[in-house]
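Tertiary structure, described
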Amino acid sequence: MLKYTVFVLLAVIPKSLFQRTMSYEAFFVSVLSSENAFPIDFSNLRVLGRERILNGTFDILEDIDNEHYEFYLEAYTNVARDGNYKKFPMALLRDAVCAVYEKYGFYLRDCVKYGINTDLYINTTTCLIPKGRYYLKNVTINVTNWPVIMSRGLCRHSFTFYKDNVAVGTYNITSSIEDRAVNFRK
Ligand SMILES: *[C@@H]1O[C@H](CO)[C@@H](O)[C@H](O)[C@H]1NC(C)=O
Ligand SMILES: *[C@@H]1O[C@H](CO)[C@@H](O)[C@H](O)[C@H]1NC(C)=O
Ligand SMILES: *[C@@H]1O[C@H](CO)[C@@H](O)[C@H](O)[C@H]1NC(C)=O
Ligand SMILES: *[C@@H]1O[C@H](CO)[C@@H](O)[C@H](O)[C@H]1NC(C)=O
Ligand SMILES: *[C@@H]1O[C@H](CO)[C@@H](O)[C@H](O)[C@H]1NC(C)=O
């Protein structure tokens, strides 16, 4: 019986689904920052439409360099979706902005492509993120490189910038982890 079921599934599921697909998708819920958050002003970014794309502009208020800035990331989960977030145990140390970008930047680059989704180019050689206003458009969450197993519910990435060892801004990106909708039209 099981064999038969598997055969039927193999016969019915279109080929495209065999490319590394996760059993879940992630959608933006909100992007919030602490009051007077520095060095990035996110207040002109919006989550739009049914696809919950992240869109708008953001301001980098001063050059972000490796010398003065450090970056710290925490993750939280809220399976019950009741606002009661639990800290996720994760071994990510506070580190210089560029070191973090070199190690984990692919997560960001999977979602935000220079020239398509943003006009901010990060040069890892100079390792300086220049002050200015940039756009984000049509950004969705790409889970290709995320863990294979994720609990459904709300997920929150909270990152804090430290300037000369002082926390200057916290940014919370909240997303919703949902079962992947199987799209037979593909
Ligand atoms: C970010 O999320 C954490 C965990 O839920 C919360 O304690 C903190 O107040 C939030 N900060 C902002 C700026 O929303
Ligand atoms: C999305 O952001 C871009 C860049 O800021 C802007 O030109 C566009 O109008 C925005 N789209 C919507 C639907 O707001
Ligand atoms: C998601 O990320 C993977 C891995 O980098 C990439 O191959 C794929 O094109 C990305 N998908 C989208 C829609 O950008
Ligand atoms: C990155 O910065 C280095 C050093 O200033 C420069 O030589 C290189 O051309 C830059 N790369 C790009 C793609 O702009
Ligand atoms: C938005 O991105 C998706 C893939 O992530 C793509 O299929 C779609 O054509 C893009 N839409 C626009 C208006 O660029």
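Description of the structure in this document. (Residues numbered from 1 in each chain as written. Chains lettered and ligands numbered in written order. Predicted model: local features only at pLDDT ≥ 70, side-chain atom pairs only at ≥ 80, totals over all residues.)

Notes on the site of ligand 1
Looking at ligand 1, the residues that line it are Leu32, Ser33, Ser34, Tyr76, Tyr85, Arg156, Ser158, Thr170 and Asn172. Here the shell around ligand 1 is built from residues that sort into three nonpolar, five polar and one charged. (Near = placed C-beta within 6 Å. Nonpolar A, V, L, I, M, F, W, Y, C, P; charged D, E, K, R; others polar.)

A look at the environment of Arg133
By the element assignment, Arg133 lies in strand E10 (residues 132-139). We classify Arg133 as partly exposed; it has 13 C-beta atoms within 10 Å. Between the alpha carbons of Arg133 and Leu120 there is a distance of 8.7 Å; along the sequence they are 13 residues apart. Beyond its immediate chain neighbours, meaning those up to four positions away, Arg133 contacts Thr57 and Asp59. (Helix = DSSP H or I, 4+ residues; strand = E, 2+ residues; numbered from the N terminus. Buried ≥ 20, exposed ≤ 12 C-beta atoms within 10 Å, placed from the backbone. Contact = placed C-beta atoms within 7 Å.)

Overview of unusual backbone geometry
A cis amide bond, omega 5°, links Phe38 with the succeeding residue Pro39. For Pro39, the position within the fold is in the loop between strand E1 (24-33) and strand E2 (40-41). Its identity as a non-glycine residue notwithstanding, Asn138 has a phi of 55°, on the positive side. Considering the arrangement of structural elements, one finds Asn138 in strand E10. In this model, Asp164 sits at a positive phi of 45°, which is unusual for a non-glycine residue. Examined against the element boundaries, Asp164 turns out to sit in the loop between strand E11 (153-163) and strand E12 (166-179).

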